[in-house]
Amino acid sequence: CRQKTLDFAAPCKVMKKNKLCPIKFCYKCLSNRYGENAEEVAKLDDWICPLCRGICICSVCRTSRGQQPTGILAPQAKARGLSVYELLEVEGHDKFAYQKKPKLVNASNEGSSNSESVPGTKVRIIDVAKEKKKKAKSSDKLKEDIQFETQLPQGISLTCVSSIDIPTEEAGNVCQLFEFCSAFRKALALKEEHAETIVRELFVCVRDTRRQQYSSIIQMMIQLLDLISKDREMSLSLGATDSSWFTAIGEIILQSKVLSDEFPLETFVAGVAAYENMNASRKLKLLNFLCDESLSTWAMRNYIKSQTEECGEQKKEAKQKAAAAKEKEKELKQMLKGEVAKAIMEKNGAPLSIEEHNSVVSQIKDEAKEAHEEMIEAKGMKSGMTLICDARRTEPIMLDDNGFVLWKLKCFEEEQIFLLQDLGTFDDLCPHEKWLAFKPEQKPEIEKYISSKRMKLMQTQKNANAKKNANEEAP
């Protein structure tokens, strides 16, 4: 048996030159190819292996007998309720002879002296150029079929985040705030549900009459303003009981010129009354603007750097853990072989019974299985850490040519929901984005769509490289 397995194998009992035959057959080979049970024949004192019986049907033995190798026949034999040897006996040993694929010969060289065929052999003459065209057409058809069959399922408008109803046009801004709070919760000492509190205050408690010093939105704005002003060495006096914080936002907008058209300087001269008259959408835009501005501060950049280094250390640790588990598994397998050999030597070379074999290998096999699971777990950790750490950036799963962006955001981790951001096309006179959510049961369709798109991208790159190489080789 040429199978590399540590499972039980039945030894041959024939004596050759005062020694036992060294051939052993595992239960799969005996069952599939000869219809015998390894555990049953191992109990027999006079069992003769197929090789010693002269009926071995492996490629080496058949070739030595002047027969052709059979190839893979186990599935056909199982379908008819037979073993491979029984199938050959019934249908004939020459019927299933394995035939090698004929060599392809260029039609342009058909008349040359190098293309002379050996008598008794068949050579298929083809036109290589035509064959390439056929393959190209079939490849194009396959790509068209893939593109046609794999379409995104129908999504629904995103109107709820963390069980909070929101206007569908504000889905993008709300998700941005959730991602920021999730990534920098430790850096800003935010509460676990800080983003939920702000969104609920904006869109649920619209008529909340609480004073501004108790507003979670204003408190976070002041915290971010303090971070930005210290980094830029701005002398600002910030307080939640007056309009100083609101005036400071106007100064930062004037410096950045990002929202200067939507929020002119006159807006902030009017004082807090102008803020109180703003709708929830404009308040959220101001908060997200300060979040973006804070990312350029030294404190936040330093935090991002430390988180990146921490992710790198964790990745290194997982890699070392995977290597150690792999080495442990390898050592246990070697130990298993040594224990089996030791047990056989103790019996003066006599083969082990099934019970003896199982008692020797059972404990070590359990340890090897545990080591293998540790290695798989460590590899999974390592592959998970190939993504950029949370503090760096939330990367989309896929960006489509049609303006579709697929996301998996942390605010939907428990529900395992995919989000689709529809950016529209450049031809739109009034470009606007839409956010759609998919149900968890639509996950297989989305994964199929992602796989087909990546396959198409790889095929496009492959064709481009082939075309580039062809142009370089052309005279």
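All values derive from a computational prediction rather than experimental measurement.

1. Thoughts on the overall build of the protein chain
Here is step 1: Helix and strand counts for the protein chain stand at 18 helices and 13 strands.
Here is step 2: Within the protein chain, the fraction of its 475 residues that count as buried is 33%.
Here is step 3: Of the contacts formed within the protein chain by residues at least 6 apart in sequence, a portion of 56% connects residues at least 24 apart.
Here is step 4: Summing over all exposed atoms, the protein chain offers an accessible surface of approximately 31,300 Å²; the carbon and sulfur share of this is 51%.

2. So, helix 15 (residues 280-294)
Here is step 1: Given a rise of 1.5 Å per residue, 15 residues ought to cover 21 Å, and the 21 Å separating the end C-alpha atoms of helix 15 matches this to within 8%.
Here is step 2: Here helix 15 lies mainly inside the structure; twelve of its 15 residues are buried.
Here is step 3: Buried within helix 15 we find Ala280, Ser281, Lys283, Leu284, Leu286, Leu287, Asn288, Phe289, Leu290, Cys291, Glu293 and Ser294.

3. Focus: the pattern of salt bridges
Here is step 1: One pass over the structure, following the stated rule, counts seven salt bridges.
Here is step 2: In this structure, the salt-bridge partner of Arg232 is Glu293, at a minimum N-O distance of 2.5 Å. Of this pair, Arg232 sits in the loop between helix 11 (216-231) and helix 12 (244-256) while Glu293 sits in helix 15, placing them 61 residues apart in sequence.
Here is step 3: Across the pair Lys285 and Glu262 runs a salt bridge, and its minimum N-O distance is 3.1 Å. In this pair, Lys285 is assigned in helix 15 and Glu262 in the loop between helix 12 and helix 13 (265-269), connecting sequence segments 23 residues apart.
Here is step 4: When its relative accessible area of 31% is taken as the criterion, Glu262 is described as partly exposed.
Here is step 5: A single salt-bridge network, built from bridges that share partners, covers Arg80, Glu91 and Lys95.

4. Section: the packing of helix 8 (residues 171-183) against helix 15
Here is step 1: Where helix 8 meets helix 15, the axes come as close as 10 Å, and the angle between the chain directions of the two elements is 40°. Here helix 8 is positioned oblique relative to helix 15, judged by the angle of their axes. Handedness of the helix 8/helix 15 crossing: left-handed. For the pair helix 8 and helix 15, the contacting residues are Asn173, Val174, Gln176, Leu177 and Phe180 in the first and Leu284, Lys285, Leu287, Asn288, Cys291, Asp292 and Ser294 in the second.
Here is step 2: Of the residues in the contact of helix 8 with helix 15, the class split is six nonpolar, four polar and two charged.

5. Looking at unusual backbone geometry
Here is step 1: Residue Asn18 is not a glycine yet carries a positive backbone phi of 65°.
Here is step 2: In the Ramachandran plot, Ser163 falls in the positive-phi region, its phi being about 65° despite a non-glycine side chain.
Here is step 3: If you trace the backbone, Ser163 turns up in the loop between strand 8 (160-161) and strand 9 (164-165).

6. Thoughts on the packing of aromatic side chains
Here is step 1: For the structure shown, the criterion picks out nine aromatic pairs.
Here is step 2: The interplanar angle of 40° and the centroid separation of 5.2 Å between the aromatic rings of Phe180 and Phe184 together place this pair among those described as tilted.
Here is step 3: Judged by its relative accessible area of 7%, Phe180 is buried.
Here is step 4: Given the relative accessible area of 4%, Phe184 is considered buried.
Here is step 5: Taken together, a centroid distance of 4.8 Å and an interplanar angle of 45° make the contact between Phe246 and Phe268 tilted. Of this pair, Phe246 sits in helix 12 while Phe268 sits in helix 13, placing them 22 residues apart in sequence.
Here is step 6: The exposure class of Phe268 is buried, given its relative accessible area of 4%.
Here is step 7: In textbook terms, an aromatic cluster arises when at least three aromatic residues are bridged by ring pairs, as seen for Trp245, Phe246, Phe263, Phe268 and Tyr275.
Here is step 8: A cation sits over an aromatic face here: Lys283 above Tyr275, 4.9 Å from the ring centre.
Here is step 9: Against the face of Phe418 rests Lys408, its NZ or CZ located 5.1 Å from the ring centre.

7. Let's talk about a nonpolar patch on the surface
Here is step 1: A grouping of Leu254, Leu265 and Val269 is seen on the molecular surface, where their side chains present a nonpolar patch of about 310 Å² in accessible area.
Here is step 2: For Leu254, the location among the structural elements is in helix 12.

8. Let's talk about the pairing of strand 11 (residues 404-407)
Here is step 1: Of the pairings in the sheet, the one linking strand 10 (residues 398-399) to strand 11 comprises two bridges and is antiparallel in character. Within strand 11, the residue paired with Met398 across the bridge is Leu406.
Here is step 2: Counted between consecutive antiparallel strands, the loop separating strand 10 from strand 11 contains four residues, among which Gly403 sits at a positive phi close to 85°.
Here is step 3: With four bridges joining them, strand 11 and strand 12 (residues 419-422) adopt antiparallel strand pairing. Bridge assignment links Leu406 to a residue of strand 12, and that residue is Leu420.

9. Some remarks on the side chain of Ser294
Here is step 1: Along the chain, the position of Ser294 falls in helix 15.
Here is step 2: Polar contacts involving the side chain of Ser294 include one to the main-chain carbonyl oxygen of Cys291, which spans 2.7 Å.
Here is step 3: Among residues more than four places away in sequence, those in contact with Ser294 are Phe180, Leu224, Leu227, Ile228 and Met300.

10. With respect to a negative patch on the surface
Here is step 1: Together, Asp366, Glu367, Glu370 and Glu373 give the surface a local cluster of negative charge.
Here is step 2: With respect to the helices and strands, Asp366 occurs in helix 17 (residues 354-384).

11. Notes on the packing of helix 12 against helix 15
Here is step 1: Their axes nearest at 11 Å, the elements helix 12 and helix 15 cross at an angle of 60°. As summarised for this structure, helix 12 and helix 15 are arranged oblique, according to the angle between their axes. The element helix 12 and its partner helix 15 pack so that their crossing is left-handed. Of the residues in helix 15, those in contact with Phe246, Ile249, Ile252, Ile253 and Ser256 of helix 12 are Leu286, Phe289, Leu290 and Glu293.
Here is step 2: Residues belonging to the contact of helix 12 with helix 15 are distributed by class as follows: seven nonpolar, one polar and one charged.

12. Quick notes on the side chain of Glu201
Here is step 1: Inspection of the secondary structure assignment puts Glu201 in helix 10 (residues 194-203).
Here is step 2: Engagement of the side chain of Glu201 in a polar contact is seen with the side chain of Ser215, the distance being 2.6 Å.

Rules behind the numbers
- Residues numbered from 1 in each chain as written.
- Predicted model: local features only at pLDDT ≥ 70, side-chain atom pairs only at ≥ 80, totals over all residues.
- Heavy atoms only, no water.
- Helix = DSSP H or I, 4+ residues; strand = E, 2+ residues; numbered from the N terminus.
- Buried < 20%, exposed > 50% of the residue type's maximum accessible area, 1.4 Å probe, protein only.
- Contact = heavy atoms within 4.5 Å.
- Areas by Shrake-Rupley, 256 points an atom, 1.4 Å probe, with all protein chains shown as cover.
- Expected span 1.5 Å × (residues − 1).
- Salt bridge = Lys/Arg side-chain N within 4 Å of Asp/Glu carboxyl O.
- Axes fitted to C-alpha atoms, helices over the stretch in contact; angles between N-to-C directions.
- Parallel < 35°, antiparallel > 145°, perpendicular 65-115°, else oblique.
- Left-handed = near helix turned anticlockwise from the far one by under 90°.
- Nonpolar A, V, L, I, M, F, W, Y, C, P; charged D, E, K, R; others polar.
- Phe/Tyr/Trp six-rings, centres within 6.5 Å; stacked < 30°, edge-to-face > 60°.
- Lys NZ or Arg CZ within 6 Å of the ring centre and 35° of its normal.
- Patch = residues over 30% accessible without salt bridge, like charges linked within 9 Å, V, L, I, M, F, W, Y side chains within 5 Å.
- Pairing = 2+ DSSP bridges.
- Polar contact = N/O pair within 3.5 Å; in protein donor to acceptor, adjacent residues only side chain to side chain.
- Lys, Arg positive; Asp, Glu negative; His and termini not counted.
- Charge placed at Lys NZ, Arg CZ, Asp CG, Glu CD.

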